[in-house]
Amino acid sequence: HLCKLRILQFTVTVADQESPTAICQNSNLQLVQGSATLSASNIDNGSSDQCGTVTLSLGQSNFDCSHAGNNNVTQMLWEYQFLVAVVNVIPGAMSVTTQVQTYNCGYGISCNGLSDGRAVATPDGGCPPYSYLWDNGETGATATHLDHYNHNVTVTDGNGTVAGATVYVTEPPQ
């Protein structure tokens, strides 16, 4: 017996008939040293696709002090769905450190009884620009006319956050 073998060819087309589902949620984003990066997972709230992996992207991911407050961020799921989440950008906490600039004699004042002490205030965190107010009325990051004893500085950042510090200025004996 001879059998005749017949070869058949088929073309199969698989069509994804179900669109993916995008679900987003509002979020808070804390700035660190004046900036932060938002990832899609920060605002995703269970997006899904029955036929595969969900690929999400954001319309904006980098934030800085200029974005403080509520921002509308678009979450995109493939090319199918676009949703908007509100991201509340929160400026980071601010602190201030101070340092006395000493003279060659090792003191913060060159001679007993003078008011030539210098100290520098350095803010950490918050959002620039910073403004300074020393207890002797000076308004720069560096105070240059300090006398002996404790001096306070108040630093205010661009969002109105206030932090303060104290520095002790020493003087040589008489």
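A short tour of the structure in this document, coming up. All values derive from a computational prediction rather than experimental measurement. (Residues numbered from 1 in each chain as written. Predicted model: local features only at pLDDT ≥ 70, side-chain atom pairs only at ≥ 80, totals over all residues. Heavy atoms only, no water.)

Moving on, we get to the sheet that holds strand S8 (residues 117-125). The sheet built from 3 strands is open, its strands ordered S7-S8-S10 with antiparallel pairing. Either end of the sheet is taken by a strand with one partner, and the two such strands are strand S7 (94-101) and strand S10 (142-146). Taken pair by pair, the neighbouring strands of this sheet meet at an average axis angle of 25°, ignoring direction. Taken together, the 3 bridges between S8 and S10 define a ladder with antiparallel strand orientation. Within the sheet, the bridge partner assigned to Gly117 lies in S10 and is Leu146. (Pairing = 2+ DSSP bridges. Helix = DSSP H or I, 4+ residues; strand = E, 2+ residues; numbered from the N terminus. Axes fitted to C-alpha atoms, helices over the stretch in contact; angles between N-to-C directions.)

Another aspect to go through is a nonpolar patch on the surface. On the surface, a nonpolar cluster with roughly 540 Å² of combined accessible area is contributed by Leu8, Phe10, Val12 and Val14. Residue placement: Val12 occurs in the segment before strand S1 (27-30). (Patch = residues over 30% accessible without salt bridge, like charges linked within 9 Å, V, L, I, M, F, W, Y side chains within 5 Å. Areas by Shrake-Rupley, 256 points an atom, 1.4 Å probe, with all protein chains shown as cover. Salt bridge = Lys/Arg side-chain N within 4 Å of Asp/Glu carboxyl O.)

With that settled, the discussion passes to the sheet that holds S1. What the 4 strands build is an open sheet, ordered S1-S6-S5-S3; its pairing is mixed. Both outer strands of the open sheet, S1 and strand S3 (56-58), are each paired with one neighbouring strand and no more. On average, adjacent strands in this sheet sit at an angle of 35° to one another, irrespective of strand direction. Sheet analysis places strand S5 (residues 69-77) next to strand S6 (residues 81-90), joined by 9 bridges and oriented antiparallel. Across the sheet, Asn71 pairs through a bridge with Val87, a residue of S6.

These figures come from the coordinates and say nothing about function on their own.
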